[in-house]
Amino acid sequence: MRSRSNSGVRLDYYQRIVHRLILAHQEPVTGLFPASNVNSHAWIRDNVYCILAVWGLSMAYKKIADQDEDRAKCYELEQSCVKLMRGLLMAMMNQKDKVEKFKMTQSPYDSLHAKYSSKNGLPVVGDNEWGHLQIDAVSLYLLILAQMTASGLQIVFSLDEVSFIQNLVFYIESAYSIPDYGIWERGDKTNHGEPELNASSIGMAKAALEAMNELDLFGARGGPASVIHVLADEAHKCQAVLQSMLPRESNSKELDSGLLCVIGFPAFAVDDAQLIHNTRDAILSRLQGKYGCKRFLRDGYRTPKEDPSRLYYERWELRMFENIECEWPLFYCYLILFHAFQNDMETVKEYAARLEKIMVRSEDGILLIPESYAVPQDLVGFEYQKPGSQDRVVVGRCPFLWGQSLFILGRLLQENFLAVGELDPLNRRLGAQKKPDVVVQVVIIAEDNEIRDKLAEHDLHVQTIADVAPIEVQPARVLSHLYTYLGRNRKLGLSGRKSRDVGILSTSKLYSLKDRIFAFTPQFVDLSRFYIASDNELMIDILKGEINFLKSAWDLLGRPLVTLVLKRIHLDQDKIPLAMIQTMRKLKSGYINGTRVMLGNLKDFLNTSAITDLSFLGSTEDGYPDRLHPDVQTYLDEHLLRSFSNRSTMNLRGGQLRPRHLRRRMSCKGAIKKTRSINVDSDNLGMEGPTPLTERRLSSIVPPPWLQPNKQGHVSTFATTPEEGPTSPPQLGGDLGLRENIYPMDPQHSRSAIDRRSEFVRQQEITVPKILIQRHRVDTNFADTEVDELIAMLRETENLEEQGDILQYLVDTQGLDFNTGMLEEGRVVTIRDLLKGLYEKACQEKLWGLVRHTAGMLGKRVEDLGKAVTDLLVRQKQVTVGMPPNNEYTITAPLPEVELRQLIHDAYGDDESTAMLTQELMVYLAMFIRTEPQLFHEMLRLRVGLIIQVMAKELSRTLNCGGEAASEHLLNLSPFEMKNLLYHILSGKEFAVSSVARGNLSIVSCKSSRVSKKSQIGLGDPEGEDALTATIDDRQGQWLRRRRLDGALNRVPRDFYSRVWTVLEKCQGLAIEGRVLQQSLTQEMTPGELKFALEVETALNQIPQPEYRQLVVEALMVLTLVTEHNMVPSLGDIICVEHLVHKANQLFLEDQRKVQGDATLCCAKLKDGKEQQQAASGMLLCGGAAYICQHLYDSAPSGSYGTMTYLSRAVALVLDCVPKHGEMECAIS
């Protein structure tokens, strides 16, 4: 026999081990591995990990293959990998209907199974008998499939399989918002079968999405049809959520060793080196033991205290598992690989030595990795007393193949048979290295020559849509439609991508389709979406945010390219808005907000941009891969006709809109006003007089009829039957032909018809409150006016606010689908159509209060509402809508758009404006949490209703006006200013208000609080004495304002919840506003657990007044100081936290009487009968909330008259456990 080199002999040794321990168990028919000799189930996750050692060994042989038998061994090992990966693929393809269904429902019962029979690849347990939804398992499969394909293995054989894999990509792309059962198949750690968002699943999905992107599944032999496409934004969303969660694993698991596979091999999913470091350190410090790492805190699996007769745990028993959780050697294998990839060989040696001590030797001398080590039953007491002191025994399988396989990979790396790059051919391990700065390319295109010339006046030279040909510019919705063809497959019954969302990363590429090149404008500029898109300043603000986002998130080849089209509709009184010009100049300078940008023409950027081939749009299934899919062809042809380039815009004069014979001016003020829930006063903003309007219809290219010269000839004269509505000259556009049963009326307005309807009108009178008729110019009772005459008034009035009131009244009495009796182009006009017209006009006139209201009446919803709420929820923030304390609804899980809209609607009743504002604020909150997550530190619930109230309060304070006026100003703020005000409130920055033309307000930051906070909105300047008190008041309300803001935003001090946990451990419970937090919570939950924080938060949210809530938080902090300094062994019974606050208030008032402080004017007065009666009825003279003096709310926390002093004294007096005399160390910070 020929002599072999040492390395060859050593490899043969590993080959024998792999054969004996791993390959000997592989089922010959399916290629799958059973869980053990007695259990034939094959788990996806375990199977993929098992085969990694085989794959690694095959690559090691490939390197030294100098002899035929080595090449043969290499091939045999490779084919075992292919066999296993195809076995899993077949098992999953048998469940293709589930993949299709899951894209729609995302229900745990429609998910792919987590395990199959190793004998035949068929399901082994029912859909609802196991926690099958484990996104990390499918993601791990896709990730390793990508890595193996990149290393040269051919695993996928046909284009049908390619379509299936493409659909698996859709299956995992929303991982960031799908709660699953996770790597341990448990969901919530009590194991009651509640899925939760798991960081390890999200990280694995992110890795799989990135690895699959633009990967050719046929390897070097493939063509465009075998390439997988991933929308980069989906992977980035997973990354953002992952970064916000780490080092936490989920709501119930504050830490999990399973995260090691996300921060290191195989996923390498985290780009931030510091975060990787923090996560690893947290795992080592809290979960590492002598025998490996615990899976997570209070993990009862296989511990002696676990009751094996039931699968789930009782909530109280989790505390028993503390310190005796099983330790898993598997994690040492992960740590060895983690450090080998970091090239830190010292640490690798250290863990290898530790691992050797705890491995089990088999009879023939092979080292085996056991599944886990548990504390023996009889030593549990000693282990509780001194954690980590007792010897443990092996429980579970031995060898544990998942761990054994990783152990062998580690050995191959340590002995230099493999280089790290071979286990990671896609170079995922380099993700955390510093990248060069991204340069964002920006192209501005003018809709037509006129706009181009206007820009040229400002020395900004751009091309028009016609000039950039042959490149075609399209809106993002076209791209989103094209992507629905991706992954379609008739044979398999798969329908392609369901999500319609295309983010900025996807629109920042160019796309080639046969010989055409497309550029897409970003989704946020799509005007058909929502009213905030018609606020130019806000769009510019969002654009800056998106450019900044591209700088950090872009990781594709080439530079990102943002294409923007400047249209007629963006002009303001026929001029280009100043804000736009300034932004373009900034872009031209090469830097905007610290991001490097290049402004240029499209053709200049062709060579430097990322280009994706849309080859999947060919009719591959019909055998014509080179021809476009017929549906795509028709869609593109139709759409290109309606594209930007030839949109007809009409300049129509307002003068001819009105029939001359209707000169009676009637006014019906206040119909909108009565719907508001934050009392509002409707102000006439006097937009009178004919104004040239540029109108763009979203549904068709037909100009809206009310902007055309009056078509009198169009009167319809068909006979009306009682089922049909009244008819009159068609004045307004419409598409809905629904009718209501009302009395007929002939077109000549005969008197008799009016008499016949008087009874109908009487019924209306009952339903309409008289608030409507406040300031009439003609003494006609609104309710007696014919619907017809109202419509005539509507035509006649120039004032949009007035039109709004008339329409509000008509909607209240007749409903949205009431037939107004007008015709337009043969179609019936309904009130809904009139509203749509008003909405579009109000958008152009920038009457934001009216815009919000009409949008609400039309039931519009923010396109991205669902996405915005998801963005907040997945970053562990809950959202509540509605006004506290009565109708506040909490949203704790992502909901479909329709349900969200309904929920918000229910929360605000008829108040459409506030319901719209709520949706708007949710979108802004989501923008902020994406760009400035630090604003949300220590906030768990975002209570939108409270935030709206605080915004109105802040405006009334700043503008020195009443609540109604403030609410009106609030609802009339432009979307940009609204976002700005929200930002100031979140960040706690002081702001002033200055008014801009047309009565719109503008929010300005002011550095010091000495700036006069008076606005110029004709409130007149206070003179003399008033001016003096105004400045004093400013300084006075400071602490009250801070408490109000923090209370409304639910902001708490650092580590507040974990500190409350320590207080709860030392007393029987904490009572807050009738809710008791029981001590048993500490049995179930760990201090850092999110579920615990939410319990505390729910109790605090029972308190309606924000400033009072904040004092309760301060009282809890004083209690934490008592426990942290171990002043007393126990705090005794249930502590009523409000008692402490009220006691502190008493002490404060006593002191105030002694020193004759401000409070002597209100609460510290000596009471006589009348005032006692007042106090009893709940009214304090100073208006303080919850019977606490306003002046206490306004005291600083520190100082001898500070709230902390009084609260500490209250604690000392109220709690029995604190000694009443003798000396104590006082430590209050």
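Every chain begins its residue count from 1, and numbering advances along the sequence as written. Thresholds applied to this predicted model are a pLDDT of at least 70 for local features of residues and 80 or more for the giving and counting of side-chain atom pairs; totals over whole chains, interfaces and linings are not thresholded and use all residues. No hydrogens and no water enter the side-chain calculation; it runs on all heavy atoms of the structure.

Asks: How do you make sense of the overall build of the protein when you look at a structure like this?
Replies: A run of DSSP states H or I qualifies as a helix once it reaches four residues; a run of E qualifies as a strand once it reaches two. Both are numbered from the N-terminal end. Looking only at helices and strands, one finds 43 helices and 34 strands in the protein. Taking all 1229 residues of the protein together, 58% fall into the buried category. We call two residues in contact when some of their heavy atoms are within 4.5 Å. Across the protein, contacts joining residues at least 24 apart in sequence account for 72% of those joining residues at least 6 apart. When accessible area is computed with a 1.4 Å probe and restricted to protein chains, residues below 20% of their type maximum are described as buried, those above 50% as exposed, and intermediate ones as partly exposed.

Asks: I would appreciate a short explanation of the packing of helix α5 (residues 135-150) against helix α7 (residues 199-212) in the present structure.
Replies: At a minimum axis distance of 8 Å, the contact between α5 and α7 shows a crossing angle of 30 degrees. For the element pair α5 / α7, the angle class is roughly parallel. In this structure, the crossing between α5 and α7 has a hand that is left-handed. Only Ser 200, Ser 201, Met 204, Ala 205, Ala 207, Ala 208, Ala 211 and Met 212 of α7 make contact with α5, whose side of the interface consists of Ile 135, Asp 136, Ser 139, Leu 140, Leu 142, Leu 143, Leu 145 and Ala 146. Side-chain classes follow a simple rule in which Ala, Val, Leu, Ile, Met, Phe, Trp, Tyr, Cys and Pro form the nonpolar group, Asp, Glu, Lys and Arg form the charged group, and the remainder, Gly included, forms the polar group. Across the contact of α5 with α7, the residue classes break down as 12 nonpolar, 3 polar and 1 charged. Only the stretch in contact is used when a helix axis is fitted, and all axes are lines through C-alpha atoms; the angle between N-to-C directions ranges over 0 to 180 degrees. Roughly parallel refers to an angle under 35 degrees, roughly antiparallel to one over 145, roughly perpendicular to one between 65 and 115, and oblique to any angle outside these ranges. Left-handed describes a crossing whose near helix is turned anticlockwise from the far helix through less than a right angle; right-handed describes the clockwise counterpart.

Asks: Looking at this structure, how should I read the side chain of His 853?
Replies: Of note, His 853 is situated in helix α27 (residues 848-857). Taking the relative accessible area as the measure of exposure, His 853 reaches 0% and is therefore buried. Sequence-distant contacts of His 853, that is, excluding residues within four places in its chain, are made with Ile 672, Thr 675, Gln 808, Glu 912 and Ser 913.

Asks: Teacher, can you tell me more about the pattern of salt bridges here?
Replies: Should the charged atoms of two oppositely charged side chains come close, the side chains can pair. The salt bridge criterion pairs a side-chain nitrogen of Lys or Arg with a carboxyl oxygen of Asp or Glu, the two atoms within 4 Å. Counted by the stated rule, this structure contains 64 salt bridges. Across the salt bridge formed by Asp 110 and Lys 101, the nearest N and O atoms sit 3.6 Å from each other. Because the salt bridges share partners, they merge into one network encompassing Glu 173, Glu 234, Lys 237, Arg 497, Asp 501 and Lys 867.

Asks: Whenever I open this one, unusual backbone geometry confuses me. Can you help?
Replies: Generally, phi is negative for residues other than glycine and the peptide bonds are trans, each holding for most cases. The residue after Leu 246, namely Pro 247, is reached through a cis peptide bond having omega 0 degrees. Position of Pro 247 relative to the elements: it lies in the loop between α8 (232-245) and α9 (260-263). A cis amide bond, omega 0 degrees, links Phe 265 with the succeeding residue Pro 266. Residue Lys 846 is not a glycine yet carries a positive backbone phi of 60 degrees. Tracing the backbone through its elements, the reader meets Lys 846 in the loop between α26 (831-845) and α27. Phi at Tyr 1187 is positive, roughly 60 degrees, even though this residue is not glycine. Mapped onto the fold, Tyr 1187 is located in the loop between α41 (1169-1176) and α42 (1190-1193). Looking at Tyr 1187, the relative accessible area reads 44%, which means it is partly exposed.

Asks: Mind showing me how you'd approach the sheet that holds strand β12 (residues 471-474) here?
Replies: In any sheet, the strands associate via hydrogen bonds between backbone groups, in a parallel or an antiparallel arrangement. The sheet built from 4 strands is open, its strands ordered β12-β16-β15-β20 with mixed pairing. Every other strand in the sheet has two partners, leaving β12 and β20 (611-613) as the edge strands with one partner each. Taking each pair of neighbouring strands and ignoring which way they run, the sheet shows an average axis angle of 30 degrees. Strand pairing is assigned whenever DSSP detects at least two bridges linking the two strands. The pairing of strand β15 (residues 510-513) with β20 spans 3 bridges and is classified as parallel. Bridge pairing in β20 links Tyr 511 to Thr 612.

Asks: I tried to follow helix α35 (residues 1038-1048) on my own but got confused; where do I start?
Replies: One full turn of an α-helix is made of 3.6 residues, so residues set three or four places apart face in the same direction. Residues of α35 that are buried include every one of Leu 1040, Arg 1041, Arg 1043, Leu 1045, Gly 1047 and Ala 1048, and no others. Of the residues one or two after α35, Asn 1050 is the one with positive phi, at around 55 degrees.

Asks: Which parts of the structure should I look at to understand the nonpolar core?
Replies: Only buried residues count toward a nonpolar core. Its members are Ala, Val, Leu, Ile, Met, Phe, Trp, Tyr and Cys residues joined through side-chain atoms within 4.5 Å. Formed by 147 residues in total, the largest nonpolar core has its most connected members in Tyr 141, Leu 142, Leu 145, Met 212 and Leu 406. Broken down by element, this core gets its largest block of residues, 13 residues, from helix α2 (residues 44-63). Contacts of Tyr 141, omitting those with residues within four sequence positions, involve Ile 44, Val 48, Met 85, Leu 88, Leu 89 and Met 92. Formed by 127 residues, the second largest nonpolar core is a distinct cluster that contains Leu 538, Trp 554, Val 829 and Tyr 924.

Asks: I keep staring at the sheet that holds strand β28 (residues 889-891) and nothing clicks. Help me out?
Replies: The strand order across the open sheet formed by 3 strands is β28-β27-β29, and the pairing between neighbours is mixed. On the outer flanks of this sheet lie β28 and β29 (941-943), each paired with one strand and no other. Sheet twist, expressed as the average angle between the axes of neighbouring strands with direction ignored, equals 25 degrees. Here strand β27 (residues 878-881) pairs with β29 via 3 bridges, running parallel. The partner of Gln 878 across the bridge, within β29, is Arg 941.

Asks: Is there a simple way to think about the confidence of the model for the protein in this case?
Replies: The predicted coordinates of low-pLDDT regions are not to be read in fine detail. Looking at any residue, its pLDDT shows the predictor's confidence there, from 0 to 100. On average, residues of the protein carry a pLDDT of 81, and 82% of them reach 70 or more. When the criterion is pLDDT under 50, residues 1008-1033 qualifies, and its contacts beyond four places in sequence or with other chains add up to 26 contacts. Taken as a whole, residues 1168-1178 scores under 50 in pLDDT and shows 10 contacts with residues more than four places along the chain or in a different chain.

Asks: It is not clear to me how helix α25 (residues 800-814) should be interpreted in this structure. Could you clarify?
Replies: Here a helix's expected span is defined as the number of its residues, less one, multiplied by 1.5 Å. Compared with an ideal rise of 1.5 Å per residue, which puts 15 residues at 21 Å, α25 spans 20 Å between its outermost C-alpha atoms and is within 8% of the ideal. For α25, the buried fraction is high: 13 of the 15 residues fall into the buried class. Remark: Gly 815 follows α25 within two positions and exhibits a positive phi of approximately 95 degrees.

Asks: For this particular structure, what's the right way to read the pairing of strand β17 (residues 561-566)?
Replies: Along any regular strand the residues' side chains alternate between the sheet's two faces. Extensive coverage of β17 is indicated by the burial of 6 of its 6 residues. Side chains Leu 561, Thr 563 and Val 565 of β17 all project onto a buried face; the interleaved residues Val 562, Leu 564 and Leu 566 project onto the opposite face, where all are buried too. In this sheet, β17 lies alongside strand β10 (residues 440-446) in parallel orientation, the contact comprising 6 bridges. What sits directly across from Ile 445, in β17, is Val 565.

Asks: It is not clear to me how the environment of Gly 264 should be interpreted in this structure. Could you clarify?
Replies: Residue position: Gly 264 is located in the loop between α9 and α10 (273-287). Taking the C-alpha atoms as reference points, Gly 264 and Arg 428, 164 residues apart in sequence, are found 9.7 Å from one another.

Asks: Sorry if this is basic, but what is going on with the side chain of Gln 166 here?
Replies: With respect to the element layout, Gln 166 can be found in helix α6 (residues 159-173). A relative accessible area of 3% means that Gln 166 is categorised as buried. Every residue in contact with Gln 166, bar those within four places of it in the chain, is listed here: Val 227, Ile 228, His 229, Leu 486 and Gly 487.

Asks: What's the story with the packing of helix α31 (residues 944-959) against helix α32 (residues 963-972) in this structure? I'm lost.
Replies: The axes of two packed helices give the description: the angle between them and the distance between them. α32 packs onto α31 with a crossing angle of 110 degrees between their chain directions and a minimal axis gap of 8 Å. Classed by the angle they form, the pair α31 and α32 counts as roughly perpendicular. The crossing of α31 and α32 is right-handed. When α31 is examined against α32, the residues Ile 948, Met 951, Ala 952, Leu 955, Ser 956 and Leu 959 are found in contact with a partner set consisting of Ala 966, Ser 967, His 969 and Leu 970. Class assignment for the residues of the contact of α31 with α32 results in 7 nonpolar, 3 polar and no charged.

Asks: Could you clarify how one ought to interpret the packing of aromatic side chains in this entry?
Replies: Geometrically, a pair of aromatic rings is defined through the distance of the ring centres and the angle of the planes. Note on aromatic pairs: the rings of Phe, Tyr and Trp (six-membered ring only in Trp) are paired at centre separations within 6.5 Å, and the planes decide the class, stacked below 30 degrees, edge-to-face beyond 60, tilted for the rest. Tallying each qualifying case throughout the model produces 26 aromatic pairs. Aromatic pair Phe 518 and Phe 520: ring centres 6.0 Å apart, planes at 15 degrees, arrangement stacked. Across the pair, Phe 520 and Phe 518 agree in class, each one buried. With 5.3 Å between their ring centres and 70 degrees between their planes, Phe 1056 and Tyr 1057 make a pair best called edge-to-face. Comparing Phe 1056 with Tyr 1057, the two get one shared label, buried. Site record: aromatic cluster; members linked through ring pairs are Tyr 49, Trp 184, Tyr 301, Trp 328, Phe 331, Tyr 334, Phe 400 and Trp 402. Its end group placed over the ring of Phe 296, Lys 253 keeps NZ or CZ at 5.4 Å from the ring centre. For the cation-ring pair, Arg 488 lies above Tyr 485, with the distance from its terminal atom to the ring centre recorded as 4.1 Å. Only Lys NZ and Arg CZ are tested; either one counts as a charge over a ring when it is within 6 Å of the ring centre and within 35 degrees of the ring normal.

Asks: Would you take a moment to explain the environment of Glu 325 for this structure?
Replies: Within the secondary structure, Glu 325 is located in the loop between β4 (292-294) and β5 (327-328). Judged by its relative accessible area of 2%, Glu 325 is buried. C-alpha of Glu 325 to C-alpha of Tyr 373: the two residues are 48 residues apart in sequence and 9.0 Å apart in space. When residues no more than four places from it in sequence are discounted, the contact partners of Glu 325 are Lys 294, Phe 296, Leu 297, Arg 298, Asp 299, Thr 303 and Arg 392. A distance of 2.6 Å separates a polar atom in the side chain of Glu 325 from the backbone nitrogen of Arg 298. Polar contacts, as counted here, are pairs of nitrogen or oxygen atoms within 3.5 Å of one another; within protein the pair requires one atom able to donate a hydrogen and one able to accept it, and residues that are adjacent in sequence qualify only if both atoms are side-chain atoms.

Asks: What is the right way to read the pairing of strand β26 (residues 827-830) from this model?
Replies: Inspection of the sheet shows strand β25 (residues 819-824) paired to β26 by 3 bridges, in the antiparallel sense. Bridge pairing links Leu 823 to Val 828 in β26. In textbook terms, the turn of a hairpin is the stretch between consecutive antiparallel strands, and for β25 and β26 this stretch comprises 2 residues, one of which, Glu 825, has a positive phi near 55 degrees.

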